[in-house]
Amino acid sequence: MSRTMEEFTHMSAPVRAAYSYCEAVTGTQARNFAYGIRLLPADKRQAMSALYAFSRRVDDIGDGFLGETAKRDRLEGTRELLGRIRDGAVDEDDTDPVAVALADAAHRFPIPLDALDELIDGVLMDVRGETYETWDDLKVYCRCVAGAIGRLSLGVFGTLPGARGGERASEYADTLGLALQLTNILRDVREDASNGRTYLPTDDLAKFGCTGGFHRAIPPSGADFTGLVHFEVRRARGLFAEGYRLLPMLDRRSGACVAAMAGIYRRLLDRIERDPMAVLRGRVSLPGREKAYVAVRGLSGLDARHISRKAVRRRV
């Protein structure tokens, strides 16, 4: 039995309860994420739930109704809690189940907790109401709020011993996070506008005449909204293609988890590309049967084998 599985088998009641709490949070508040991590073995699935629950707490502070000063204070308090977790100063009988679960996960897996500091930095950008002139500017934000999650997840997944190109696994995980976040930004463009937020680069909005905003079910007069969406979709596809190079470096079940989550977002991107105006009418989503198909593809290893074949063709 591996060390991590042995520790999981002998887990104390408080730690089990903490993980159960995090799994409940994940299952009710992140269906796409929960759908992917269900493909993992129990120890990795619970560690991923702990990461999600902590990340969700950070996001909820940023999205809440408190004033800017109160949000900053809450975020800095969360950063202090992260410091306690990093220092091993959270006991298993602590009253905060998320802290207990994350502390245990960080003990069992080489999770780069500093990436959660980056997540807090990214949410602080939201609190300040930052906008982004260029794609390079937006990438900084995306790396904080999504690339960091990719790197944290890789700490749980690990890579196969001797995996070709394994030294770049963290880079690919980061890039896949960017792909997912850009897809999110496209999907939520109207919802974000109603909350006073615009994430797409100002340069891109100006190029396609879309600086008027996205507050209605139709684009601003004279705007080439379809052109804007297709432009961003091409960018996201390039990020997916690069990030998918991670798949052959992962074990079967970790690869299936990543392929399922990324596959769901790629299919969302397909739907957005076919009908760009849909994101102005409401939230684009996938039916359960389509998510199940994506999961089966992931478990079968089809996506990982496809990426491996492409890599071989590039080398010859």
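Anything mentioned here points back to the structure above.
Model, not experiment: these values are computed from the prediction. (Residues numbered from 1 in each chain as written. Predicted model: local features only at pLDDT ≥ 70, side-chain atom pairs only at ≥ 80, totals over all residues. Heavy atoms only, no water.)

### Looking at empty space enclosed by the protein
Phase 1: On inspection of all chains with the given rule, the structure shows one cavity of 30 Å³ or more.
Phase 2: Quantified by volume, the largest cavity comes out at close to 60 Å³.
Phase 3: In terms of lining, the largest cavity is formed by Ile185, Val189, Asp192, Arg197, Thr198, Tyr199, Leu200 and Phe214.
Phase 4: Looking at the lining of the largest cavity residue by residue, the classes come out as five nonpolar, one polar and two charged. (1 Å grid on protein atoms, 1.4 Å probe; cavity = no way out; pocket = protein on both sides within 12 Å on 5 of 7 lines; lining within 4 Å. Points joined across faces, edges and corners; volume = space filled by probe spheres on them. Nonpolar A, V, L, I, M, F, W, Y, C, P; charged D, E, K, R; others polar.)

### Focus on the packing of aromatic side chains
Phase 1: According to the stated counting rule, one finds five aromatic pairs in the structure shown.
Phase 2: Where Phe208 meets Phe231, the ring centres are 5.6 Å apart and the plane angle is 45 degrees; that geometry is what we call tilted. With a gap of 23 residues between them, Phe208 in the loop between α11 (202–207) and α12 (225–243) and Phe231 in helix α12 connect regions that are remote in the sequence.
Phase 3: The structure contains a cluster of three or more aromatic residues connected by ring pairs, namely Tyr132, Tyr141 and Tyr199.
Phase 4: Taking NZ or CZ as reference, Arg266 lies 5.0 Å from the ring centre of Tyr244, over its face. (Phe/Tyr/Trp six-rings, centres within 6.5 Å; stacked < 30°, edge-to-face > 60°. Helix = DSSP H or I, 4+ residues; strand = E, 2+ residues; numbered from the N terminus. Lys NZ or Arg CZ within 6 Å of the ring centre and 35° of its normal.)

### Here we look at the packing of helix α7 (residues 114–128) against helix α8 (residues 135–157)
Phase 1: Across the interface, α7 lies against α8 with an axial gap of 8 Å and an inter-helix angle of 150 degrees. Regarding the angle of α7 to α8, the classification is roughly antiparallel. Our pair here, α7 against α8, has a crossing hand that is left-handed. In this structure, α7 contributes Ala115, Leu116, Glu118, Leu119, Asp121, Gly122, Val123, Met125 and Asp126 to the contact, and α8 contributes Val140, Tyr141, Arg143, Cys144, Val145, Ala148, Ile149, Arg151 and Leu152. (Axes fitted to C-alpha atoms, helices over the stretch in contact; angles between N-to-C directions. Parallel < 35°, antiparallel > 145°, perpendicular 65-115°, else oblique. Left-handed = near helix turned anticlockwise from the far one by under 90°. Contact = heavy atoms within 4.5 Å.)

### Some remarks on α7
Phase 1: Helix length check: α7 (15 residues) gives 21 Å between terminal C-alpha atoms against 21 Å at 1.5 Å per residue, within 8%.
Phase 2: Among the residues making up α7, those that are buried are Ala115, Leu116, Asp117, Leu119, Ile120, Gly122, Val123, Leu124, Met125, Asp126 and Val127.
Phase 3: Downstream of α7 by one or two residues, Gly129 has phi in the positive range, about 70 degrees. (Expected span 1.5 Å × (residues − 1). Buried < 20%, exposed > 50% of the residue type's maximum accessible area, 1.4 Å probe, protein only.)

### Considering the side chain of Gln181
Phase 1: As for its placement among the helices and strands, Gln181 is situated in helix α9 (residues 169–187).
Phase 2: Residues within four places of Gln181 in sequence aside, it is in contact with Tyr141, Cys142, Val145 and Ala146.

### Points about the side chain of Glu232
Phase 1: Within the fold, Glu232 resides in helix α12.
Phase 2: A polar contact of 3.1 Å, which involves the side chain of Glu232, links it to the side chain of Arg235.
Phase 3: Aside from chain neighbours lying at most four places away, what touches Glu232 is Leu182, Leu186, Leu200, Pro201 and Asp204. (Polar contact = N/O pair within 3.5 Å; in protein donor to acceptor, adjacent residues only side chain to side chain.)

### Quick notes on the environment of Met249
Phase 1: Mapping Met249 onto the fold places it in the loop between α12 and α13 (252–274).
Phase 2: Separated by 90 residues in sequence, Met249 and Thr159 have C-alpha atoms that sit 5.4 Å apart.
Phase 3: Apart from the residues lying within four places of it in its own chain, the contact partners of Met249 are Thr159, Leu160, Ala163, Arg164, Gly165, Gly166, Ala169 and Tyr172.

### Some words on helix α6 (residues 97–108)
Each full turn of the α-helix corresponds to 3.6 residues, which orients residues three or four apart in the same direction.
Phase 1: For α6, which comprises 12 residues, the first-to-last C-alpha distance of 17 Å matches the rise-based estimate of 16 Å (1.5 Å per residue) to within 8%.
Phase 2: Of all 12 residues that make up α6, nine are buried, and the element is covered over most of its length.

### Points about the packing of α8 against α9
Phase 1: Following both chains from N to C, one finds α8 and α9 inclined at 120 degrees, their axes separated by 7 Å at the closest point. In terms of axis orientation, α8 runs oblique to α9. Seen from above, α8 lies across α9 with right-handed handedness.
Phase 2: In terms of residue class, the contact of α8 with α9 is made up of 13 nonpolar, five polar and four charged.

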